[in-house]
Amino acid sequence: MAIRLSEEIKQFLDDPETRKVLATTDREGNPHVVFKGSIRVNEDGYLEYLELIESSRTNRNMVNSIWFRKSVAVAVLNGGVSYQIKGIPYRSIIAGREFERAYQWTQEHLGGIDLSAVWLIEPTEIREESFEKRRLEEEEEHPILKHLDRLTVTENETKYNK
């Protein structure tokens, strides 16, 4: 596996208050971004996405991504903290023990909804995207890219400039 997701990220994804967004692209590279509450981390540390509609645009894009090893991205947000997890779909499960487990979960949590596939995504990159964290990182990396009105003048500089 390319990277391991921390326990903190796993708990973050398991929290029902966490908003989850899946970004995929079609064959022409056009983005498709949708909210998907059925994304979680499985016991092996892979992102697991339950696809409920076989003919959906997301499912078609996931098939394209697995065939051509294209990345997908999952953005998650909870209480002002957000992460982006990039990964490569590596397996689509449509039958067997893992599928049955996911099907049971779907029935218990979503009612009479059908399950088309269980997608496993191998995480390749994770980055905290919370505003304050990103702002501090950018200021540290690019210290001279500040608006002039944000630069402060010290008391000593003020005395000598008069």
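Residues numbered from 1 in each chain as written. Predicted model: local features only at pLDDT ≥ 70, side-chain atom pairs only at ≥ 80, totals over all residues. Heavy atoms only, no water.

**A word on the overall build of the protein chain**
Turning to step 1, where the next piece is worked out: Scanning the protein chain from N- to C-terminus turns up five helices and seven strands.
Turning to step 2, where the next piece is worked out: Ordered by position from the N terminus, the helices and strands of the protein chain form the series α-β-β-β-β-α-β-β-α-β-α-α.
Turning to step 3, where the next piece is worked out: The buried share of the protein chain, reckoned over its 162 residues, is 36%.
Turning to step 4, where the next piece is worked out: Of all intrachain contacts in the protein chain linking residues separated by at least 6 positions in sequence, the fraction that spans at least 24 positions is 66%.
Turning to step 5, where the next piece is worked out: When the accessible surface of the protein chain is summed, it comes to about 10,700 Å², and 51% of that surface belongs to carbon and sulfur atoms. (Helix = DSSP H or I, 4+ residues; strand = E, 2+ residues; numbered from the N terminus. Buried < 20%, exposed > 50% of the residue type's maximum accessible area, 1.4 Å probe, protein only. Contact = heavy atoms within 4.5 Å. Areas by Shrake-Rupley, 256 points an atom, 1.4 Å probe, with all protein chains shown as cover.)

**As for the environment of Leu77**
Turning to step 1, where the next piece is worked out: Its place among the elements puts Leu77 in strand E5 (residues 72–78).
Turning to step 2, where the next piece is worked out: Separated by 52 residues in the primary sequence, Leu77 and Glu129 place their C-alpha atoms 9.1 Å from one another.
Turning to step 3, where the next piece is worked out: Those residues in contact with Leu77, other than ones at most four positions away along the chain, are Phe12, Glu17, Thr18, Arg19 and Ser82.

**Topic: helix H2 (residues 57–68)**
Turning to step 1, where the next piece is worked out: Its 12 residues place the ends of H2 16 Å apart at the C-alpha level, agreeing with the 16 Å of an ideal helix rising 1.5 Å per residue.
Turning to step 2, where the next piece is worked out: For H2, the set of buried residues is Thr58, Asn59, Asn61, Met62, Asn64 and Ser65.
Turning to step 3, where the next piece is worked out: On the buried face of H2, the contacting elements are strand E1 (19–25), strand E2 (31–35), strand E4 (47–51), E5, strand E6 (81–93) and strand E7 (117–128).
Turning to step 4, where the next piece is worked out: Where H2 terminates, the next one or two residues include Arg69, which has phi positive at roughly 50°. (Expected span 1.5 Å × (residues − 1).)

**Let's talk about the sheet that holds E7**
Turning to step 1, where the next piece is worked out: The strand order across the open sheet formed by seven strands is E2-E1-E5-E6-E7-E4-E3, and the pairing between neighbours is antiparallel. Strand pairing shows two members of the sheet lacking a second neighbour, E2 and strand E3 (39–41), which therefore form its edges. Taking each pair of neighbouring strands and ignoring which way they run, the sheet shows an average axis angle of 30°.
Turning to step 2, where the next piece is worked out: Sheet contacts for helix H1 (residues 7–14): E1, E3, E4, E5, E6 and E7; angle to E6, the most-contacted strand, approximately 85°.
Turning to step 3, where the next piece is worked out: Each of E1, E2, E4, E5, E6 and E7 is contacted by H2, which is oriented at about 60° to E1, the strand it contacts most. (Pairing = 2+ DSSP bridges. Axes fitted to C-alpha atoms, helices over the stretch in contact; angles between N-to-C directions.)

**Notes on helix H3 (residues 97–110)**
An α-helix turns once per 3.6 residues; consequently, residues spaced three or four apart project the same way.
Turning to step 1, where the next piece is worked out: Given a rise of 1.5 Å per residue, 14 residues ought to cover 20 Å, and the 19 Å separating the end C-alpha atoms of H3 matches this to within 8%.
Turning to step 2, where the next piece is worked out: Three or more residues of H3 are buried, namely Phe99, Ala102 and Thr106. The arc enclosing the buried residues of H3, seen along the axis, measures out at 65°, which places them on a common side. Away from its buried face by more than 90 degrees, H3 exposes Arg97, Glu100 and Glu108.
Turning to step 3, where the next piece is worked out: In the segment just after H3, Gly111 is the residue with positive phi, at about 85°. (Arc of directions from axis to C-beta.)

**With respect to the nonpolar core**
Turning to step 1, where the next piece is worked out: Counting residues in hydrophobic clusters, the biggest one holds 18 residues, and the most contacted among them are Leu13, Leu22, Leu47 and Met62.
Turning to step 2, where the next piece is worked out: Of all the secondary structure elements, the ones that give two or more residues to this core are H1, E3, E4, E5, E6 and E7.
Turning to step 3, where the next piece is worked out: Those residues within four positions of Leu13 in sequence are excluded, and the remaining contacts are Lys20, Ile39, Val41, Leu47, Val76 and Ile85.
Turning to step 4, where the next piece is worked out: Residues Ile93, Phe99, Leu115 and Val118 belong to the second largest nonpolar core, which totals seven residues. (Core = buried A, V, L, I, M, F, W, Y, C linked by side-chain atoms within 4.5 Å.)

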